[in-house]
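Fold and geometry: a report
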2 protein chains.
Amino acid sequence: MLITPSINGTRMLGRLDTFAEIGATADGGVDRQSLTEGDRRARAAITEIALSRGFTVAQDAAANLFIHRRGGHAGTPPLLIGSHLDTQPTGGRFDGALGVLAALEVLESLEDGNIQTAAPIELVVWTNEEGCRFAPGSMGAQAFIDGTLSDTLLASRSTDGLRLADELAATREALPQAHLCTLGKPIAGYIELHIEQAPHLERAGIPIGVVTGVQGTRWLKVSVKGEAGHAGTTPLSARRDPMRAANMGLARLYETIMQTDTDARFTVGRMTVEPGSVNAIPSTVVFYIDIRHPRLKELDAIEAEITVTLHDAATGAGCTIAIERVFDMEPARFDNTLINAIEDVAKARGVASTRMVSGAFHDALFISRVAPTAMIFVPCRDGISHNPREFVDPEFCIIGADILFHTALSVSEMPLAEGNPTIRTTAISNNHKGVGT
Amino acid sequence: MLITPSINGTRMLGRLDTFAEIGATADGGVDRQSLTEGDRRARAAITEIALSRGFTVAQDAAANLFIHRRGGHAGTPPLLIGSHLDTQPTGGRFDGALGVLAALEVLESLEDGNIQTAAPIELVVWTNEEGCRFAPGSMGAQAFIDGTLSDTLLASRSTDGLRLADELAATREALPQAHLCTLGKPIAGYIELHIEQAPHLERAGIPIGVVTGVQGTRWLKVSVKGEAGHAGTTPLSARRDPMRAANMGLARLYETIMQTDTDARFTVGRMTVEPGSVNAIPSTVVFYIDIRHPRLKELDAIEAEITVTLHDAATGAGCTIAIERVFDMEPARFDNTLINAIEDVAKARGVASTRMVSGAFHDALFISRVAPTAMIFVPCRDGISHNPREFVDPEFCIIGADILFHTALSVSEMPLAEGNPTIRTTAISNNHKGVGT
C-alpha cells in the first residue's frame, strides 16, 4: 500500500462487495438500473447504515438521497460528496458505487475520529445518472440544479414501460425513514470520486486524476438520401448511392479529426441503411456522430469540418444530406479552488496525481453550473467500464477514498459558500435530453 | 407504331391490364407474391384462357405451369417461352407478367393464324422467381433443372410462416384442370422476354436488347470485430474501431472498382453496427457487398481487391475481419444460335436492337445450364422496377411480343434439340440459396 489511509479501507472494500451483490449478474457484473427494485434495495441499505451512525437522511422529489453529518457552523450550506448507485444493464461494481461508498466511508471515518468539520458534509446519491432505463442521464442532478421536474419528464416512460412519476413515487415511498426535502438547495460545493473509464491513469501509473472539467459533446444526426436501385443493373453514372456518400465522407473525417488533434474524439456508433437489401442500392443512410473536445472553439471547428466534408461527399454522389445537432453540451470547467485543494491533498499524502479532462459526462458536470465542483478519478483496468469486466485495484479504491476524505476535510473549512451562487431560477437549456453518459 | 405487329397487340395490352388487377395495390403497383392467393388467381386466369384455346395445361411438383401447343413433329421436345407471374411486395405490372402474357399472345397468334410449328411451343410460368416470400428466387427454374425439390427446401417457411410444401400443394390443388407432370424434362430451348430493369435501352433509344448472358454475382459477408468503448474517453491510440475500419476500407473500394471498370458493379446495401449506441465505439460491424461482372476473371480480381483492401483497413484499425462468400453465381453465357436468331428477327422486322448483358438474375440464367437459352429485353422507364412506378411503353410491349413471336417461329424449325443436353442428374451447387433477383 502506497499510503496509510485515514479511512477504514477494509470496511469500504467490504461495502463495495456488499453493494455489488445488489443486482449482481451471473457474469460478475451488476444490473441495478435506476428506480428498479435493486436500486431501492441499495438505497435502503445505505440508509440503514447512515441511520445507525446517527446521520440524518433526506430525499427530494427526484429521489436524490442526502445523508447529512452535522457541521460545526449552524446554518452553513453543506459540502456535498457522492455519486450514483444506479448502473447500466451490463454494468460493473465501481462506476458510481465507488464514489458513493467512499463518501459514506468519509462520513463514517469522520465520525469514528470524532472530527468536527466547519461546514456539514453530506453524502449525495444522485438519481439515474446512467440514463438507460429513463432518459436523460444525470436526471437527478439536472433536477437538482433546475429545482424542478417537468411534467413532460414525469410523464415519460421507462424502457420497461413505467411512468417516471410512478417509479419516483414508489422509490421515495419505499424509504419512509428518509424525510422529504426541497428539490434544489444551497450547497458549499460538490466533490465526486469516480473511476476514470479510460486508460490514461493506468497507462501513466498514476493513482489520482484531478479532473479540471468535462469535455464538450455534440451529437450530429446525419441523414443521406439517394435513390434505391438494383445492385446488378444500375451503372455508376445512374447511381445516387447514400452508402457511397457516407463512406467516402466518413473516411476523410476518420483520417483527419482524431489524427491531427489528440484531444478530439470522433465516433460513429449507430448507422441504419434502408431498405437494407444485399442486392439493392440503399435509398437512405442515417448515422450519428459523437464529437467531443475540451475546448468549445475546436468543437465548433470539428463540426464545421464534418458539415463541409459530408455535404461535399453527398453532392458528389448525387445525394441530399441533412445534418441535425441533436445534442449539445458545452465543455465544463471545474472550480480552481477545489482543483487546487485536491492536488494539494494528493501531494501532502505523497500520492502522484495528474490533471485531466473527463471524456465522459458525470453528475458533477451539471452541479458545476451552480456551485464549486470538482472530481477525483482513480484508474480502472484497461479503461473498461459499463462492462462486467470493470475492475479497480482495491489499493486505488482506498487511495481515492483517502484523498476524498482529506479534500473534504480541507474544503469544509474554506469560505466557499461566500462565493457560492444560489440555485438558478431559470432552467438550463433542455438540449441535454435523451443522453447517456 | 414502328412495325405492324404479327401478334394481337390490343389483346395482349388488355391482358396486361387484367393481370395487373390481380394483387393490385392502391399505389398502382402489384403485390402478387409467390404461392399466395393472388398468384393462384393469376394461374387460374391464364389456365382458363389456355384451355379455351385448346392448349393442354400441366404443372410439376414445383408448381411450374406449362401451357402446351402441339407441334408438327410428334415426340419433339418443346421450345419453352415464358417468364414468371409472381411479383415483389412492392412490384409493378410488367416484371415477369410481360414475358408470360407475351408468350401467351404468341401461342394465341399462332393459333389464330393456324400456324403449324415443327417443335411444339410451350408457355412456362416459373414458380417464385422473386424469392421474397420464400427463398431462394428462381426456385421453380432451379427445381426444373435439378429435377428435385430438397426436403430442406420443402420444409422451409415463408416470411408469413407457412411451409413451402404446404403452399406448393395448395397451389397445385387449386388448379385441378392442370395435370401433373414430371419435374424436369427435355426441352429444345428457352426464350424469355423481360423488361430491362436498367436504363440502357431507354437512354440509347433502342427497343430491343438481345441478351447475351447474365453477369456473375458474388455476395460477400464482411464481419469486422473491434472492441466497444466509450466515445468520450477512449483516445485514438486505444481504439479498435470496426466502423472506422469499414469506412476507410469501403471508401477506397468505392473509389476504384466502379470508377475503373464500367462493367463492374459494387454495392453495399446492408450494414449493422453493434451495440449501436450513439456514444459507444462499436464492437462489431457486419456488412454485405454485392459484386457483379460479366467476366469471371474480373469478378475474381474484384473479390481479391476487396479482400486485400478490407484486411488492410481492419489491421490498420486494430480489428479482425472475416470475409465469407455467401453467394456465388458465375457469369452465364446464352446460346449463340438463339442470340443470332433474335438479332436476325429484329433486323428482318426493322427494329433496332443491341446486344447486352443482364445485370439481374432471371429464370433463364438457370435454364441456360441445361438447354439453349436466350432473353429479349425491352426498355422500362428510367430503368425502374420492383416499384409501383415500373412502366413500359405499350409500343415496346408489342414490339417485344412480336420479336418473341418471330423468334419462336424461327427457332421452332431449327434442330436445336439435337445439341440439347439432357436434364442434369447432379444438382447444381447449392450456393444460390436465399437469393432475390
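Here the structure is a predicted model, which is why all the values come from computation and not from measurement. (Residues numbered from 1 in each chain as written. Chains lettered and ligands numbered in written order. Predicted model: local features only at pLDDT ≥ 70, side-chain atom pairs only at ≥ 80, totals over all residues.)

Quick notes on the overall build of chain A
Scanning chain A from terminus to terminus reveals twelve helices and 16 strands. The C-alpha radius of gyration computed for chain A amounts to 23 Å, which stays within 12% of the reference 22 Å derived for 437 residues, consistent with globular compactness. Seen through its principal axes, chain A has C-alpha atoms that stretch 80 × 45 × 45 Å. Expressed as a percentage of the 437 residues in chain A, the buried residues total 58%. (Helix = DSSP H or I, 4+ residues; strand = E, 2+ residues; numbered from the N terminus. Rg over C-alpha atoms; globule rule 2.2 N^0.38 Å. Buried ≥ 20, exposed ≤ 12 C-beta atoms within 10 Å, placed from the backbone.)

Side note on the nonpolar core
With 98 residues, the main nonpolar core has B:Val106, B:Ile376 and B:Leu404 as its most contacted residues. Ranked by residue count, the leading element in this core is helix H12 (residues 394-411) of chain B, at eleven residues. In contact with B:Ile376, not counting residues within four places along its chain, are B:Ile191, B:Leu193, B:Ile208, B:Val210, B:Val211, B:Ile342, B:Gly400, B:Ile403 and B:Leu404. Counting 96 residues, the second-largest nonpolar core is a separate cluster that includes A:Ile7, A:Ala61, A:Leu80 and A:Leu201. (Core = buried A, V, L, I, M, F, W, Y, C linked by C-beta atoms within 7 Å. Contact = placed C-beta atoms within 7 Å.)

Some points on the environment of A:Ala198
Secondary-structure assignment places A:Ala198 in the loop between strand S6 (189-195) and helix H7 (200-204). Classification of A:Ala198 as buried rests on a count of 27 C-beta atoms within 10 Å. Sequence spacing of A:Ala198 and A:Val100 is 98 residues, and the spatial spacing of their C-alpha atoms is 20 Å. When near neighbours in sequence (up to four residues on either side) are disregarded, A:Ala198 contacts A:Gly359, A:Gly383, B:His230, B:Thr233 and B:Thr234.

Digging into the sheet that holds strand S8 (residues 216-225) of chain A
Residues and elements named next belong to chain A. Ordered in space as S10-S12-S8-S13, the four strands form an open sheet in which the pairing is antiparallel. Taken across any chain shown, the strands that pair with only one partner, and hence form the sheet edges, are strand S10 (265-274) and strand S13 (320-329). The average undirected angle you get between the axes of adjacent strands in this sheet is 15°. Direction of pairing for S8 relative to S13: antiparallel, over a ladder of nine bridges. Residue pairing in the sheet places Trp219 in a bridge with Phe327 of S13. Along the sheet, helix H8 (residues 242-260) contacts S8, S10 and strand S12 (284-293); its crossing angle with S10, the most-contacted strand, is approximately 175°. (Pairing = 2+ DSSP bridges. Axes fitted to C-alpha atoms, helices over the stretch in contact; angles between N-to-C directions.)

A closer look at helix H10 (residues 336-348) of chain B
Residues and elements named next belong to chain B. With 13 residues, H10 should cover 18 Å at 1.5 Å per step; its first-to-last C-alpha distance of 18 Å lies within 8% of that length. Of the surrounding secondary structure, the elements contacted by the buried residues of H10 are strand S6 (189-195), strand S7 (208-214), strand S15 (353-358), strand S16 (373-378) and H12. Note on H10: the residue one or two positions beyond its end, Gly350, has a positive phi of about 75°. (Expected span 1.5 Å × (residues − 1).)

A word on the packing of helix H10 (residues 336-348) of chain A against helix H12 (residues 394-411) of chain A
Residue and element names in this part refer to chain A. In the contact formed by H10 and H12, the axes pass within 9 Å of each other and the chain directions differ by 125°. Taken as axis vectors, H10 and H12 run oblique relative to one another. By crossing handedness, the relation of H10 to H12 is classed as right-handed. Here Leu338, Ala341, Ile342, Val345 and Ala346 of H10 lie close against H12, whose contacting residues are Ile403, His406, Thr407, Ser410 and Val411. Of the residues assigned to the contact of H10 with H12, the class counts are seven nonpolar, three polar and no charged. (Parallel < 35°, antiparallel > 145°, perpendicular 65-115°, else oblique. Left-handed = near helix turned anticlockwise from the far one by under 90°. Nonpolar A, V, L, I, M, F, W, Y, C, P; charged D, E, K, R; others polar.)

A word on the packing of helix H8 (residues 242-260) of chain B against helix H9 (residues 296-316) of chain B
Residues and elements named next belong to chain B. Closest axis-to-axis distance for the H8/H9 pair is 8 Å, and the angle between their directions is 150°. Judged by the angle between their axes, H8 and H9 are roughly antiparallel. For the element pair H8 and H9, the recorded crossing hand is right-handed. The segment H8 lies against H9, with Ala245, Met248, Gly249, Arg252, Leu253 and Ile257 engaging Ile302, Glu305, Ile306, Thr309, Leu310, Ala313 and Ala314.

Looking at the relation of the copies chain A and chain B
Superposing chain A onto chain B takes a rotation of 179° combined with a translation of 0.0 Å along the rotation axis, leaving an RMSD of 0.2 Å. In short, the pair behaves as if placed about a two-fold rotation axis. When C-alpha distances to the rotation axis are compared across chain A, the minimum falls at A:Asn247, with a value of 2.5 Å. Looking at the interface residues of chain A, 100% of them are also at the interface in chain B, so both copies use one shared face. (Least-squares fit on C-alpha atoms with pLDDT ≥ 70 in both.)

Focus on the sheet that holds strand S13 (residues 320-329) of chain B
All names here are of chain B. The sheet built from four strands is open, its strands ordered S10-S12-S8-S13 with antiparallel pairing. Every interior strand has two partners, whereas the edge strands, strand S10 (265-274) and S13, have only one. Here the strands of the sheet are splayed against their neighbours by 15° on average, with no regard to which way each runs. Where S10 lies against strand S12 (residues 284-293), nine bridges are found, and the strand directions are antiparallel. Bridge pairing links Met271 to Phe287 in S12. Across the sheet, H8 touches strand S8 (216-225), S10 and S12, and the angle it forms with S10 is around 175°.

Things to note about the interface of chain A and chain B
Listed by partner, the interface residues are 45 residues for chain A and 45 residues for chain B. Elements with a contribution of two residues or more to the side of chain A that touches chain B: S8, H8, S10, strand S11 (280-281) and S12 of chain A. Sort the elements by how many residues they give to the side of chain A that touches chain B and H8(A) lands first, with eight residues. A per-class count over the side of chain A that touches chain B returns 22 nonpolar, 18 polar and five charged.

Concerning helix H1 (residues 9-20) of chain A
Count 3.6 residues to each turn of an α-helix, and residues three or four apart come out pointing the same way. All names here are of chain A. Counted at 1.5 Å a residue, the expected span for H1 with its twelve residues is 16 Å, and the 16 Å between its end C-alpha atoms agrees. Among the residues of H1, Gly9, Met12, Arg15, Leu16 and Phe19 are the ones counted as buried. On an axial view of H1, the arc spanned by its buried residues comes to 120°, and they lie on one face. Residues of H1 that are exposed and angled more than 90 degrees away from the buried face: Thr10, Gly14 and Asp17. Of the surrounding elements, those touching the buried residues of H1 are helix H2 (37-52), helix H3 (97-112) and H12. (Arc of directions from axis to C-beta.)

Observations regarding the domain arrangement of chain A
Domain assignment breaks chain A into domain 1 (9-214 + 331-419) and domain 2 (216-329). Counting residues at the interface gives four residues for domain 1 of chain A and six residues for domain 2 of chain A. (Domains from an automatic or database assignment.)

Comments concerning the pairing of strand S1 (residues 56-59) of chain B
Residues and elements named next belong to chain B. Because side chains alternate across S1, one face comprises the buried residues Val57 and Gln59, and the other comprises Thr56 and Ala58, none of which is buried. Relative to strand S2 (residues 65-69), S1 runs antiparallel, the two sharing four bridges. When the bridges of S2 are listed, Gln59 appears paired with Leu65. Counted along the chain from S1 to the antiparallel partner S2, the turn is five residues long, and its residue Ala63 has a positive phi close to 65°. Direction of pairing for S1 relative to strand S5 (residues 179-180): parallel, over a ladder of two bridges. Residue pairing in the sheet places Gln59 in a bridge with Leu180 of S5.

Quick look at the confidence of the model for chain A
Caution applies to low-pLDDT parts of the model: their predicted coordinates are not meant to be read in detail. Residues and elements named next belong to chain A. Scored by pLDDT, chain A comes out at a mean of 92, with 95% of its residues at no less than 70. Note on residues 417-437: pLDDT under 50 across the span, and 50 contacts to partners over four residues away in sequence or across chains. The ipTM value of the predicted complex is 0.78, and its pTM value is 0.78. (pLDDT = per-residue confidence, 0-100.)

Concerning the environment of B:Asp17
Residues and elements named next belong to chain B. When you line up the elements, Asp17 lands in helix H1 (residues 9-20). Under the C-beta neighbour-count criterion, Asp17 is labelled exposed, with 10 such atoms within 10 Å. Here the alpha-carbon distance between Asp17 and Arg93, two residues 76 residues apart in the chain, equals 8.1 Å.

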